[in-house]
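So the chains spell out like this:
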Amino acid sequence: MRELRNLRGIHPKDLSRRQRLLVVFAVSLVLVVLFYTAVYNWGMRALEDRPQSVFRSFQTVVETMTTTGYGADSPWATPAMNVLMVTIQVTGVVVGFVTLRVLVIPLFERTPLNLDDRLTTKDDHVVVAEYRRDTDVLLEELEELDVEYVLLDPDETEAKRLSDAGYQVINGDPEQRDDLDRASIERASLLITDAGDRTASIVLTALEANEDLRVISFTESTRRKSALTEVGVDRSVAPHALIGQRLAEKATTPVRVDERPDSDEVDVREILVRRDSPLHGVRVRDSPVADHPNLTLVAGWFDGELRLPPSPDDVLTPNTVLVVAGPEREIDEMTNEIAAVRSRRITAPSTVVVAGAGEGGSAAVEALPADVSATTIDELAEREPDVVGDVTEPETLREAGIDDASALVVTVDDDSTALLTVAMARSLSDEIEILVRVTDGEKARAAFRAGADYVLSIQRVCARLVASEVHGERVVDPISQIRLVRADATPFAGESLEDTRRDVERGWTVLGVARDGTVHTDERTVIEGDDDVFVAGSDDAIQRFERTVDTS
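Residues numbered from 1 in each chain as written. Predicted model: local features only at pLDDT ≥ 70, side-chain atom pairs only at ≥ 80, totals over all residues. Heavy atoms only, no water.

## What to know about the pairing of strand 13 (residues 372-378)
Turning to step 1, where the next piece is worked out: Among the 7 residues in strand 13, 5 count as buried, and that is most of the element.
Turning to step 2, where the next piece is worked out: In the sheet, strand 12 (residues 350-355) pairs with strand 13 via 6 bridges, with the strands oriented parallel. By the bridge assignment, Thr351 is partnered in strand 13 with Ser373.
Turning to step 3, where the next piece is worked out: Running through helix 13 (residues 359-367), the crossover from strand 12 to the neighbouring parallel element strand 13 is right-handed. (Buried < 20%, exposed > 50% of the residue type's maximum accessible area, 1.4 Å probe, protein only. Helix = DSSP H or I, 4+ residues; strand = E, 2+ residues; numbered from the N terminus. Pairing = 2+ DSSP bridges. Right-handed = clockwise from strand over helix to strand, strands pointing away.)

## Overview of the sheet that holds strand 15 (residues 407-410)
Turning to step 1, where the next piece is worked out: Spatially, 6 strands are ordered 14-13-12-15-16-17 in an open sheet, and the strand pairing comes out parallel. Of all the strands in the sheet, just strand 14 (387-388) and strand 17 (454-457) have a single pairing partner and so form its edges.
Turning to step 2, where the next piece is worked out: Lying over the sheet, helix 15 (residues 415-428) contacts strand 12, strand 15 and strand 16 (433-438), oriented at roughly 175 degrees with respect to strand 16. (Contact = heavy atoms within 4.5 Å. Axes fitted to C-alpha atoms, helices over the stretch in contact; angles between N-to-C directions.)

## Details of the packing of aromatic side chains
Turning to step 1, where the next piece is worked out: All told, the structure shown has 3 aromatic pairs when counted by the stated rule.
Turning to step 2, where the next piece is worked out: Between Phe35 and Tyr36, the ring centres sit 5.8 Å apart and the planes meet at 50 degrees, which makes this aromatic pair tilted.
Turning to step 3, where the next piece is worked out: Classification of Phe35 by relative accessible area gives exposed; the value is 53%.
Turning to step 4, where the next piece is worked out: Aromatic side chains Tyr131 and Phe218 sit 6.1 Å apart centroid to centroid with 75 degrees between the ring planes, which places their arrangement in the edge-to-face category. Here Tyr131 is found in strand 1 (residues 126-131), whereas its partner Phe218 is found in strand 5 (residues 214-218), with 87 residues between them in sequence. (Phe/Tyr/Trp six-rings, centres within 6.5 Å; stacked < 30°, edge-to-face > 60°.)

## Some details on helix 3 (residues 54-65)
Turning to step 1, where the next piece is worked out: With 12 residues, helix 3 should cover 16 Å at 1.5 Å per step; its first-to-last C-alpha distance of 16 Å lies within 8% of that length.
Turning to step 2, where the next piece is worked out: Looking only at helix 3, the buried set comprises Ser57, Thr60, Val61, Glu63, Thr64 and Met65.
Turning to step 3, where the next piece is worked out: One or two residues past the end of helix 3 sits Thr67, with phi positive at roughly 55 degrees. (Expected span 1.5 Å × (residues − 1).)

## Quick look at the side chain of Gln52
Turning to step 1, where the next piece is worked out: Checked against the element boundaries, Gln52 lands in the loop between helix 2 (17-46) and helix 3.
Turning to step 2, where the next piece is worked out: Only 2.9 Å separates the side chain of Gln52 from the side chain of Ser57, close enough to count as a polar contact.
Turning to step 3, where the next piece is worked out: Each residue touching Gln52, except ones within four places of it in the same chain, is listed here: Tyr40, Asn41, Met44, Ser57 and Asp73. (Polar contact = N/O pair within 3.5 Å; in protein donor to acceptor, adjacent residues only side chain to side chain.)

## Quick notes on the sheet that holds strand 1
Turning to step 1, where the next piece is worked out: One open sheet holds the 6 strands; their spatial order is 3-2-1-4-5-6, and the pairing between them is parallel. Two strands bound the open sheet, and with one partner strand each, they are strand 3 (169-171) and strand 6 (235-237). When strand polarity is set aside, the average angle formed by the axes of neighbouring strands in this sheet is 20 degrees.
Turning to step 2, where the next piece is worked out: Strand direction decides the pairing type here: strand 5 and strand 6, joined by 3 bridges, are parallel. Paired with Ser217 across the two strands is Ser236, which belongs to strand 6.
Turning to step 3, where the next piece is worked out: Contacts from helix 6 (residues 156-164) reach strand 2 (149-153) and strand 3 within the one sheet, and its direction differs from that of strand 3 by about 155 degrees.

## Structural notes on the confidence of the model for the chain
Turning to step 1, where the next piece is worked out: In this model, the chain carries a mean pLDDT of 79, and residues with pLDDT of at least 70 account for 80%.
Turning to step 2, where the next piece is worked out: This model gives residues 473-479 a pLDDT under 50, and the stretch forms 31 contacts once residues within four places in sequence are excluded. (pLDDT = per-residue confidence, 0-100.)

## Quick notes on unusual backbone geometry
Turning to step 1, where the next piece is worked out: Positioned with a positive phi, Glu130 is a non-glycine residue whose angle comes to about 75 degrees.
Turning to step 2, where the next piece is worked out: With respect to the helices, strands and loops of the structure, Glu130 is situated in strand 1.
Turning to step 3, where the next piece is worked out: The backbone phi angle of Ser184 is positive, close to 55 degrees, even though this residue is not glycine.
Turning to step 4, where the next piece is worked out: Tracing the sequence through the fold places Ser184 in the loop between helix 7 (177-182) and strand 4 (190-194).

## What about the side chain of Asn41?
Turning to step 1, where the next piece is worked out: One can find Asn41 in helix 2.
Turning to step 2, where the next piece is worked out: One polar contact links Asn41 to Ser57, side chain to side chain, over a distance of 2.8 Å.
Turning to step 3, where the next piece is worked out: If we ignore the near neighbours within four places in the chain, the residues touching Asn41 are Gln52, Ser53, Val54 and Ser57.

## Comments concerning the pattern of salt bridges
Turning to step 1, where the next piece is worked out: Following the criterion strictly, the structure yields 19 salt bridges and no others.
Turning to step 2, where the next piece is worked out: A salt bridge links Asp378 to Arg383, with the shortest nitrogen-to-oxygen separation between them at 2.9 Å.
Turning to step 3, where the next piece is worked out: Bridged by salt links that share partners, the residues Glu130, Asp173, Glu175 and Arg198 form one connected network. (Salt bridge = Lys/Arg side-chain N within 4 Å of Asp/Glu carboxyl O.)

## Here we look at the pairing of strand 5
Turning to step 1, where the next piece is worked out: With 4 of its 5 residues buried, strand 5 lies for the most part within the structure.
Turning to step 2, where the next piece is worked out: Pairing geometry for strand 4 and strand 5, over 4 bridges, is parallel. Across the sheet, the residue bridging to Leu190 is Arg214, located in strand 5.
Turning to step 3, where the next piece is worked out: Handedness of the β-α-β unit built from strand 4, helix 8 (residues 199-209) and strand 5 comes out right-handed.

Structure follows, in C-alpha cells:
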C-alpha cells in the first residue's frame, strides 16, 4: 500500500504502468463494493421487506465478498436476493485472485531475500571472495569433497541463483569488512579470490579480520605474483600461463608418483591410435596393451569421450587415445612394438607451433626443452610473434611451418577461434599432435571432435587446483584429466593387483604397489598391509575412492 500512498500529489502522466494498475484496481474495488451495497440495501427493503441501514448492508456485502460470514441477514427468501448473494460471492473470489496477483505476489517478489539465513554454521571453512570463472564447477568440486565454504558474490542475481541451487552463497562486496564478517571470515582457514584488480584490497581487508588466513589468488598475469605476495597471498596462480606450460610439457615429462629420487617411476602415457594403425578395429581385450602383465590400461578417449576404464568390448578406432600406466621402460618397449602407433611425446630435435602469443603461449614456449624450437603465431604484432596473422587461416599455419612441426599448442583466448584453429590444422596435417586450451569445459568434447589430441579446460583446472589446495590431496598432477593418489594399502591387504583391477564399474584402478622404495606393477603382486597403493581414475571416481579409503 506504500505505493498507493506515494501517489498523492503526482500527475497521472508521471505514474508507472504498475502504479496506474494499482489506481485502477483500487477505484474499481471501491465502486464494486458501493454498487453491491446500494443494490443489496434496496433488495432487503423492496424484496425481503426487511429495511435496514446502508451501513448494515455495507457490512454484509464486505463479509460476503471476503467469505468471513453473512451476519444475521441470512437466509434470504426471494430468488433474486439469493442470486445477488451468489454473484457477490463469486465477485469476492475473483477480487481475491486479482488482489494476490496485483498486490500480494509482487510485494513478496520485491521483498529482499536474506541469503545469510540459508548459511549453515561455519568454522575452519573456505571463503571464496568473488570467482570470475564457472562458479558451478568450483562449488560442485567443493561439495563433492565435503568442504565447508561460503562464496561471497557481488552479483545479487547470480548469488540468488546459486543459493537457490543449494550452494552456500551470499551476496556482498568482498572489499567490505562487514560483508566478509557475514561470511565468518574470522573463523575461516582459507581465502580464495579471483577478483582482478580488486584482489589486493580484498586480501588486505580479510587479513585484518584474520591474520592466520591462508590465501590463494587467481591472476591473469604471472607479472603480478610478486605484488600479490607482498600483500599476503600465499599462492597466486595464473591459469592461462599454467595451462600453456603444462600443454608444452605434456608429452615430455613423466608423471612421478613417488617423491623419493631413488625409487622407480610410474609413467602415465597417452598412446594415440593412428589412422593407419594395425590396431584399427581391434577390441580392447585383444590389444597387446590389455594383456601386458606390468602395464595397466587406465582409460581411453573414444571419439572425445573419456571411458575409465574402457570396456573390453570397446573397439579401437582412428584417433582413439589409450591412457597407459606402468614403468616408463615398459611403456617405451610397448610403444616401440606397436607399429604405426605413435607415443604422444615431442621428439627431439623437433619444432612446435604455438598459436597465441599471450600469457599462455609465452609460458608454453618457456616450458619447451632446449632442443625443441618454437614458432609463435598471433594477430597482434605488439606481442612480437614469429608470424603475424590469423591462426585460423591455412596460409598463416603453413608460414609457421605446420607441415614439418611435431606439435601444435593452441592457447588463443577465444574458444571458437581455438576450435576453428584445431580443425584447420588437422585438415592440413594428419601427423601433427594438437594440444589445446579451452575456457569452457563443455567445449572439450568439441575440441576432440575437431581433431585435438589433448584438451585442458581453464574452468576445470582452476576448480581442480582449489580442491587440491583445500583438501590437501596427494594428487600427482592436479590439472591432469586423469588423477593419481597415494593411499594406505591396508584395505587391499592379501589381494593381488589382478584382484583389485577386476571391478571395472567403479571408475578407478590400482596401478601399483610401493614397497621398500620400489614400485611394483606386476598384476601377480600380492598387496601387504604396510604397502602404499597408487590409484588412478577420473575426478569423480577418485573422489568416490577417497570417501571410502583413507589417502596418505
